[in-house]
Amino acid sequence: MYPCCVLRKRERVIVQKHRINRQIKAPQVLLIDHENNNRGLTETRDALKLAEEAQLDLVLVSESKQAPVAKILDYGKFQYQQKKRQKQSARTTVKEVKFRPNVGESDYQLRINQATQWLGKGDSVKFRVRLRGREHQHRDRALELLERIVKDLKEAGKIQSFDRRALVLQLMPA
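Scoring rules and cut-offs
Residues numbered from 1 in each chain as written. Predicted model: local features only at pLDDT ≥ 70, side-chain atom pairs only at ≥ 80, totals over all residues. Heavy atoms only, no water. UniProt positions renumbered as here; feature names shortened; annotations may be inferred. Pairing = 2+ DSSP bridges. Helix = DSSP H or I, 4+ residues; strand = E, 2+ residues; numbered from the N terminus. Axes fitted to C-alpha atoms, helices over the stretch in contact; angles between N-to-C directions. Contact = heavy atoms within 4.5 Å. Core = buried A, V, L, I, M, F, W, Y, C linked by side-chain atoms within 4.5 Å. Buried < 20%, exposed > 50% of the residue type's maximum accessible area, 1.4 Å probe, protein only.

An unreviewed UniProt entry annotates the protein chain as Translation initiation factor IF-3 of Leptothoe spongobia TAU-MAC 1115. Recorded in UniProt under Subcellular location (unreviewed entry), the annotation for the protein chain is "Cytoplasm". As stated in UniProt under Function (unreviewed entry), the record for the protein chain gives "IF-3 binds to the 30S ribosomal subunit and shifts the equilibrium between 70S ribosomes and their 50S and 30S subunits in favor of the free subunits, thus enhancing the availability of 30S subunits on which protein synthesis initiation begins."

Next up, the structure:
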């Protein structure tokens, strides 16, 4: 298994409703056609005719006081892409780092540097210490390792959860 994993939270995605076709009340709009050419200031009626000829919708993209910006495009496809973009940005990621209690200094530093980068990007980081066999007799070393991680990453992240029994520490960006 790779040292990182992605978890998804179920979140409701809210998409902003745009005025389309006959809902546009402005007498003139700055028009961008379906080929992304700027047509300039155009009467709304003419823009609607162009949209109907292309069998697409006239969508009000930005409302400004002088002249709102309207674009000729497929509204269903536009909504789908907006929802997809919003889900991508709403996704929370948790990266996982696994340690053993006798980790070498260079491995430790490498993983701490990687965790600092992840926390800097806005991802949460979960540290897990695995004990095997006789290592269970020295749980105190594993706890010391987790406390050292907290101390080393105190500027990059803050503690979200610290389970001393399961030897799991989760940090979130500061």
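Now that the structure is up, let's keep going.
Draft legend 1. Structural view of the sheet that holds strand β3 (residues 38-43). Ordered by their spatial adjacency, four strands build an open sheet running β3-β2-β5-β4, and the pairing between neighbours is mixed. At either margin of the open sheet sits one strand with a lone partner, and together these are β3 and β4 (57-62). Shown here is a sheet whose adjacent strand axes are inclined to one another by a mean of 35 degrees, direction ignored. Of the strands in this sheet, β2 (28-32), β3, β4 and β5 (69-73) touch helix α1 (residues 44-53), which is tilted by about 125 degrees from β3.

Draft legend 2. Structural view of the pairing of β4. Note that β4 and β5 share five bridges and pair antiparallel. Residue S62 lies in a different strand from β5, and its bridge partner there is V69. Taking the residues between adjacent antiparallel strands as the criterion, β4 and β5 are bridged by six residues.

Draft legend 3. Representation of the nonpolar core in the model. Ranked by size, the top nonpolar core spans 19 residues in total, and within it F99, V125, F127, V129, L146, I149 and L153 carry the most contacts. Those elements giving two or more residues to this core turn out to be β6 (94-99), α3 (105-121), β7 (124-129), α4 (139-152) and β9 (168-173). Top contributing element to this core by residue count: α3, with five residues. Dropping the residues within four chain positions of it, V125 is found in contact with K95, V97, A115, W118, L119, L169, Q170 and L171. Counting 10 residues, the second-largest nonpolar core is a separate cluster that includes I24, V29, L48 and A70.

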